[in-house]
Amino acid sequence: MYLPFLYELRARGVPVGTTEAVQLARALKAGLHEQSLDGFYHVARALLVHREGHLDDFDQAFLKVFRGVEVESKKVQDELLEWLKKAMPIADQLTDEERALLENLDPEELQKLFEKRLEEQKERHDGGNKWIGTAGTSPFGHSGKAARQGIRVGGPGGGRSAIKTADARLYQGYRQDLTLDVRQMQLALRKLRTYVRIGGDEELDLEGTIAATAKNAGELEVVVRPPRRPNTRVILMMDVGGSMDPFALLCSRLFSAAKKSTHFKELRTYYFHNCVYGRVYETERFTDPVRIEDLLHECGPHYKLILVGDALMAPYELMSPGGALSYEGEERMEGISWLMRLRNHFRKSVWLNPEPPRYWEGNTIENIRGVFDMYPLTLEGLGEAMSHLLRTR
Amino acid sequence: MSEFARFTGTTTYLTSPSLESAVNCALALERPLLVRGEPGTGKTLLAEAVSAALDHELIRWNVKSTTRAQDGLYVYDTVQRLYDSRFQDKNVGDIRQYIKLGPMGEAFAAKKRVVLLIDEIDKADVEFPNDLLNELDRMRFTIDELQEEVAATQRPVVIITSNAEKELPDAFLRRCVFHFIDFPTPELMADIVRVHHPDLEDRLAEQAIEAFFELRAMKRLRKRPSTSELVDWIAVLRAAGVADVKLEAALPFLGTLLKKEQDLVAFADQLSGGKRWRS
């Protein structure tokens, strides 16, 4: 009853491992659950769940495993103690490396489980039954298919109140089914930091002080210097609408990661549709246009330019002077020329593409890759792109 | 496992079984307790209650955006030492007097078991929690300048609070006992309101709480009002002599509850049955 519960949790994407299992066993041995299912529910929740996004999964797993089962709590404890006896030595024998290895295995295993569940979901949907659970919980979930569906596990099951608590599914609102989460992106973006010392003198320069004091024949000479401040200026331009819709979530996450990053001296964000033509926009609804001319005038070549888009469009939209449809006059220039202009202005630029690299041949992506260095919008690609932006030519 | 003091709440701090259970797990397993929840749900007060109930001293560490992990352990005042070296009144050879323990250092060094509150850990840099992992695990650290180790004889009870919205690193989360403080139910909210406004008319209290929860239920609000805003709002209503409120377009003193312009717009929109745009 105990182990299946842990696996049920894992299947739902709650990352419980050996550590959590051993912790729970220790807590139960200490009698923290007071030999009741209620107590077990609370103890297990405190120890197995680490973020509120998983509380809903926990409730569902708890329901599935413990619903309708007449639990003799004494038996549960015995079973657990038995398990503990077996499990503890194994856990102790693990060396740190082995443990690290175990942790590393998790994603693959999760992936398998996720795929399996996705299959299952299709079947049940076709059958017209309501899918129980949410396929989107896996960290590998993709948008669209795995719609978050609240389930009604119906009927009063004669359960005790822990079951009722779980049944109420109070934490549904806190679910967060993330692919590449904001934090991971934030960490990747952190690579871009560089610092300079400007502003008021607030920090003790230890080496400077020693040198100055020595020069001063031992008479103390305190040297202070300004603290380090971030010095990276970034322009983020994002393709929205049309073929980018499937990636909207991913892009909005990159966006919030960039916005949350405090280590940029300046971050400018703009939107465009399909390709950059004469102007970009400050909002997703394409209001507040900013002319590229003005932008290049304001921002020197030391800004780092990050473009995000699938780079997929009809060839004429990129190659013919009238591709932008809505513009006239001086802005009647091919999209590709505008891109080249951006590329030539900034010393460092990069294009992030959410389309997987296997689709990068034989379409407009190929053309745009001729202009910009392109990286896939994955955690790895993001990291590489950031390194590229830092490299000095 | 040895017996440990159990936490069952205090006279002024109401607990729930799940909260008690989480605190007791943290006590028994000697792990940090991470408390998350919306603002105004009493996260910080929990540490005070635990400290009062167990009769341990409370050491606070209020984290700010500039806080570094090192600050919590100890600070070595080099400048003071340099200055003192110019005069002969102090023995600058004794580094000890220039080492000042931070809140975490103090908690480890304490003779008796203490409660250490690390408040609003999410305010600091993203890497901050990771920098604390080792110290929290082993409950000891070394002062490099003295080549001395500060180790906790009595592992302190560590309570960490964090806002619901921010992400914390996985490695850090794994080491903590987790508890999410729910937003108060309407019944509990009524009790809370009564504590703040003991002589409030029942009818106004009911209406205000009802309007408040309906407002919170609105999906499009960026910042949902919390307990403290409700308490303020009721204070304003009473001061202005408003006798009854209903959730209509003209909710009096709406500014006390909704603090963002978009929210006020969204509110007006929703009530007038305006067109819904993509959320």
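Attention in this report is confined to the structure presented alongside it.

Conventions and cut-offs
Residues numbered from 1 in each chain as written. Chains lettered and ligands numbered in written order. Predicted model: local features only at pLDDT ≥ 70, side-chain atom pairs only at ≥ 80, totals over all residues. Heavy atoms only, no water. Salt bridge = Lys/Arg side-chain N within 4 Å of Asp/Glu carboxyl O. Buried < 20%, exposed > 50% of the residue type's maximum accessible area, 1.4 Å probe, protein only. Helix = DSSP H or I, 4+ residues; strand = E, 2+ residues; numbered from the N terminus. Core = buried A, V, L, I, M, F, W, Y, C linked by side-chain atoms within 4.5 Å. Pairing = 2+ DSSP bridges. Axes fitted to C-alpha atoms, helices over the stretch in contact; angles between N-to-C directions. Contact = heavy atoms within 4.5 Å. Polar contact = N/O pair within 3.5 Å; in protein donor to acceptor, adjacent residues only side chain to side chain. Nonpolar A, V, L, I, M, F, W, Y, C, P; charged D, E, K, R; others polar. Expected span 1.5 Å × (residues − 1).

**Remarks on the pattern of salt bridges**
Opposite charge on two side chains permits them to pair, given that their charged atoms come into close proximity.
All names here are of chain A.
Right, on to step 1. The final tally for this structure, using the stated rule, is 19 salt bridges over all chains.
Right, on to step 2. Residue Arg291 is joined to Asp294 by a salt bridge in which the shortest nitrogen-to-oxygen separation is 3.8 Å.
Right, on to step 3. With a relative accessible area of 30%, Arg291 lands in the partly exposed category.
Right, on to step 4. With relative accessibility at 35%, the residue Asp294 sits in the partly exposed group.
Right, on to step 5. A salt bridge links Glu293 to Arg341, with the nearest nitrogen and oxygen atoms 3.0 Å apart. Taken together, the residues span a long stretch of sequence, with Glu293 in helix 11 (residues 292–298) and Arg341 in helix 13 (residues 335–345) at a distance of 48 residues.

**What about the nonpolar core?**
Right, on to step 1. Judged by nonpolar contacts, the single largest core of 86 residues is most densely connected at A:Phe5 and A:Phe40.
Right, on to step 2. Counting 31 residues, the second largest nonpolar core, distinct from the first, contains A:Tyr270, A:Val280, A:Ile292 and A:Ile368.

**Let's talk about the environment of A:Arg343**
Residues and elements named next belong to chain A.
Right, on to step 1. Relative to the helices and strands, Arg343 is located in helix 13.
Right, on to step 2. The exposure class of Arg343 is partly exposed, given its relative accessible area of 22%.
Right, on to step 3. Sequence spacing of Arg343 and Val371 is 28 residues, and the spatial spacing of their C-alpha atoms is 7.1 Å.

**So, the sheet that holds strand 2 (residues 57–62) of chain B**
Residue and element names in this part refer to chain B.
Right, on to step 1. Pairing is parallel in the open sheet, where five strands are placed in the order 2-5-8-1-9. Two strands close off the open sheet at either side, each with one partner strand: strand 2 and strand 9 (177–181). Strand-to-strand twist in this sheet, taken as the mean axis angle between neighbours without regard to direction, amounts to 20 degrees.
Right, on to step 2. Note: strand 1 (residues 33–37) against strand 8 (residues 157–163), five bridges, orientation parallel. Paired with Gly37 across the strands is Asn163, a residue of strand 8.

**Some thoughts on the interface of chain A and chain B**
Right, on to step 1. Each partner contributes to the interface: chain A provides 36 residues, whereas chain B provides 36 residues.
Right, on to step 2. Scanning the region where chain A abuts chain B turns up one salt bridge.
Right, on to step 3. Along the contact surface separating chain A from chain B lie six residue pairs in polar contact (both at pLDDT 80 or more).
Right, on to step 4. If you list the elements that add at least two residues to the side of chain A that touches chain B, you get helix 2 (18–29), helix 3 (37–48) and helix 8 (182–190) of chain A.
Right, on to step 5. In terms of residues, the side of chain A that touches chain B owes the most to one element, helix 3 of chain A, which gives six residues.
Right, on to step 6. For the side of chain A that touches chain B, a count of residues per class yields 16 nonpolar, ten polar and ten charged.

**Quick word on the environment of B:Lys64**
Residues and elements named next belong to chain B.
Right, on to step 1. The topology assignment puts Lys64 in the loop between strand 2 and helix 3 (69–73).
Right, on to step 2. On the accessibility criterion, Lys64 (54% relative accessible area) is exposed.
Right, on to step 3. Placed 58 residues apart in sequence, Lys64 and Asp122 show a C-alpha to C-alpha distance of 8.8 Å.

**Some words on the side chain of A:Thr269**
Right, on to step 1. With respect to the secondary-structure elements, A:Thr269 resides in strand 6 (residues 264–272).
Right, on to step 2. Here A:Thr269 is in contact with A:Leu236, A:Phe255, A:Lys259, A:Tyr281 and A:Glu282, once residues within four sequence places are set aside.

**Some remarks on helix 15 (residues 379–390) of chain A**
Right, on to step 1. With twelve residues, helix 15 of chain A should reach 16 Å at 1.5 Å per residue; the first-to-last C-alpha distance of 17 Å fits that figure.
Right, on to step 2. Every buried residue of helix 15 of chain A is accounted for by A:Gly381, A:Leu382, A:Gly383, A:Ala385, A:Met386, A:His388 and A:Leu389.

**Details of the pairing of strand 9 (residues 304–308) of chain A**
All names here are of chain A.
Right, on to step 1. Counting buried positions over the five residues of strand 9 gives five, a clear majority of the element.
Right, on to step 2. Judged from the five bridges that link them, strand 5 (residues 232–239) and strand 9 form a sheet pairing that is parallel. Paired with Met237 across the two strands is Leu307, which belongs to strand 9.
Right, on to step 3. Across five bridges, strand 9 lies against strand 10 (residues 348–353) in parallel orientation. Each residue of the ladder has a partner; that of Leu305, found in strand 10, is Ser349.

**Digging into unusual backbone geometry**
Right, on to step 1. A positive phi angle, near 60 degrees, is found at A:Ala311, a position not held by glycine.
Right, on to step 2. Of note, A:Ala311 is situated in the loop between strand 9 and helix 12 (315–319).
Right, on to step 3. On the basis of relative accessibility, which here comes to 0%, the residue A:Ala311 falls in the buried class.
Right, on to step 4. Non-glycine residue B:Asp55 carries a positive phi angle of around 60 degrees.
Right, on to step 5. Along the chain, B:Asp55 falls in the loop between helix 2 (43–54) and strand 2.

Don't take any of this as a statement about function, it's just geometry.
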